[in-house]
Amino acid sequence: QKGGYKHFMLKEIFEQPKVVTDCLAGRVDWAREEVTLPELAALPVPKRLHIVACGTSLHAGMWGKHLLESWAKVPVSVEIASEFRYRDILLDPEDMVLVISQSGETADTLAGLRIAREKGVKVAGLCNVVGSSIAREADAVIYTQAGPEISVASTKAMCSQMVLLTLLALYWGRRKATLADDVRHEALSALRKLPGQLESALPGMRDEAQQLARTYSKARSFFYLGRGHCFPLALEGALKLKEISYIHAEGYASGEMKHGPIALIDPEFPTFALALADDLFPKVKSNIEEVQARRGKVIALTNPGVEVRVDNPWVVPAAWGPLAAFIALPALQLFSYEAADYLGKDVDQPRNLAKSVTVE
Ligand code: M6R
């Protein structure tokens, strides 16, 4: 069942090229450069979108917000489901709630869906499990088609959610005519290239992750830093590390470091920085220098041609714009996988956790 891999988590990380291909299948007309999401055709583009989710699915939503706002010009709020359900939330009939859930059974996310429907707001569900409670109760459901995810740590599901959020931003951007043709062209070409890029990059990324995990797995704490669309990735990297290796990790927006957290930095407290080749790189670089000035060790995940002087630069292939996240994500997953495996932890069944959180 594990297809020759030591753990389901590793198998699922390596399935991501296929996940991207399957998510795109039938949803893009490559010749006309058009995205079709028939599941949403009957619903108007919302005035505002409220994304409601937990854990890794929440991080996917936070990442998707950047694309939806920039390409489709739909204002997006991203809510932790367990907060959303108990807040006096302001919903307009022209808004939409998008619940994101791999399992489709997460209790808080399901409760968020029910509250939104009671208030008369349309709810779309982004789910992996066919026929799950969320899929059945939503007004419209988009399936992520990632195949069964067995490992408690969610990996390929996030990748599939990100593909669908990218398609959604392109789809609504086209419907609202807010998306420039060149952006759509670049985004679709980058999406098309992704499976091949991932396929060839993953084995080398695993070797690099293994080396780094050996060096760093004795750390008791880690910071993960990112800016812009890389901030949700920093949160996800930290979640993955703590979830399966039990190393304490915090994800921060890089610019927040100097508002408190930097006090923790010393030679024993390393930082994993997302330093991809984008407009925010100069800012990230200066945040890295602030960490180094406190003698903190740094792993910087970066792209070819980017000059970043750190203890461990980790160069992964570049991809256009925010789609670079699809290559950064498996690097984060592989680093935590290798750390947990090196430390002898039960990777697929971490302590205290269940695959699907069906109670509050
Ligand atoms: O099934 P869901 O996507 O609703 O699950 C949400 C979270 O429980 C889940 O992503 C959790 O954070 C993962 N174990 C993280 O790896």
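The rules behind each value
Residues numbered from 1 in each chain as written. Predicted model: local features only at pLDDT ≥ 70, side-chain atom pairs only at ≥ 80, totals over all residues. Heavy atoms only, no water. Helix = DSSP H or I, 4+ residues; strand = E, 2+ residues; numbered from the N terminus. Rg over C-alpha atoms; globule rule 2.2 N^0.38 Å. Buried < 20%, exposed > 50% of the residue type's maximum accessible area, 1.4 Å probe, protein only. Contact = heavy atoms within 4.5 Å. Areas by Shrake-Rupley, 256 points an atom, 1.4 Å probe, with all protein chains shown as cover. Lys, Arg positive; Asp, Glu negative; His and termini not counted. Charge placed at Lys NZ, Arg CZ, Asp CG, Glu CD. Axes fitted to C-alpha atoms, helices over the stretch in contact; angles between N-to-C directions. Parallel < 35°, antiparallel > 145°, perpendicular 65-115°, else oblique. Left-handed = near helix turned anticlockwise from the far one by under 90°. Nonpolar A, V, L, I, M, F, W, Y, C, P; charged D, E, K, R; others polar. Near = heavy atom within 4 Å. Polar contact = N/O pair within 3.5 Å; in protein donor to acceptor, adjacent residues only side chain to side chain.

1. Some details on the overall build of the protein
Okay, step 1: Helices and strands together make up the secondary structure of the protein, namely 11 helices and 12 strands.
Okay, step 2: At 20 Å, the protein has a C-alpha radius of gyration in line with the 21 Å of a compact globule built from 360 residues.
Okay, step 3: With the C-alpha coordinates of the protein rotated into their principal frame, the extents come out at 55 × 45 × 45 Å.
Okay, step 4: Every one of the 360 residues in the protein was classed for burial, and the buried ones make up 56%.
Okay, step 5: Long-range pairs, those at least 24 residues apart, make up 76% of the contacts in the protein between residues at least 6 apart in sequence.
Okay, step 6: About 14700 Å² of surface is accessible on the protein, with carbon and sulfur atoms providing 51% of the total.
Okay, step 7: Each charge class in the protein can be summarised by its mean position, and for the 41 positive and 43 negative side chains these summaries are 1 Å apart.

2. What about the packing of helix H2 (residues 16-24) against helix H8 (residues 181-216)?
Okay, step 1: Packing of H2 against H8 leaves a shortest axis separation of 8 Å and a crossing angle of 165 degrees. As the angle between them shows, H2 and H8 are arranged roughly antiparallel. Like other packed secondary-structure pairs, H2 and H8 cross with a definite hand, here left-handed. Residues Gln 16, Pro 17, Val 20, Thr 21 and Leu 24 of H2 lie in contact with H8, whose contacting residues are Leu 191, Leu 194, Pro 195, Leu 198, Glu 199 and Leu 202.
Okay, step 2: Grouping the constituent residues of the contact of H2 with H8 by class yields eight nonpolar, two polar and one charged.

3. A look at the environment of Arg 214
Okay, step 1: Of note, Arg 214 is situated in helix H8.
Okay, step 2: When the C-alpha atoms of Arg 214 and Phe 335 are compared, they prove to be 9.8 Å apart, with 121 residues separating the residues in sequence.

4. Quick notes on the site of the ligand
Okay, step 1: Around the ligand, the surrounding shell holds 15 residues, and the nearest of these are Ser 57, Ser 101, Ser 103, Thr 106 and Glu 243.
Okay, step 2: A distance of 2.6 Å separates an oxygen atom of the ligand from a polar side-chain atom of Ser 57.
Okay, step 3: In this structure, Ser 101 approaches the ligand through a side-chain N or O atom, which is 2.7 Å from an oxygen atom.
Okay, step 4: Taken by itself the ligand offers 410 Å² of open surface, and the protein chains cover 91% of this.
Okay, step 5: Listed by contribution, the elements that provide at least two residues to the shell around the ligand are helix H3 (55-71) and helix H9 (230-245).
Okay, step 6: Partitioning the shell around the ligand into residue classes produces five nonpolar, eight polar and two charged.

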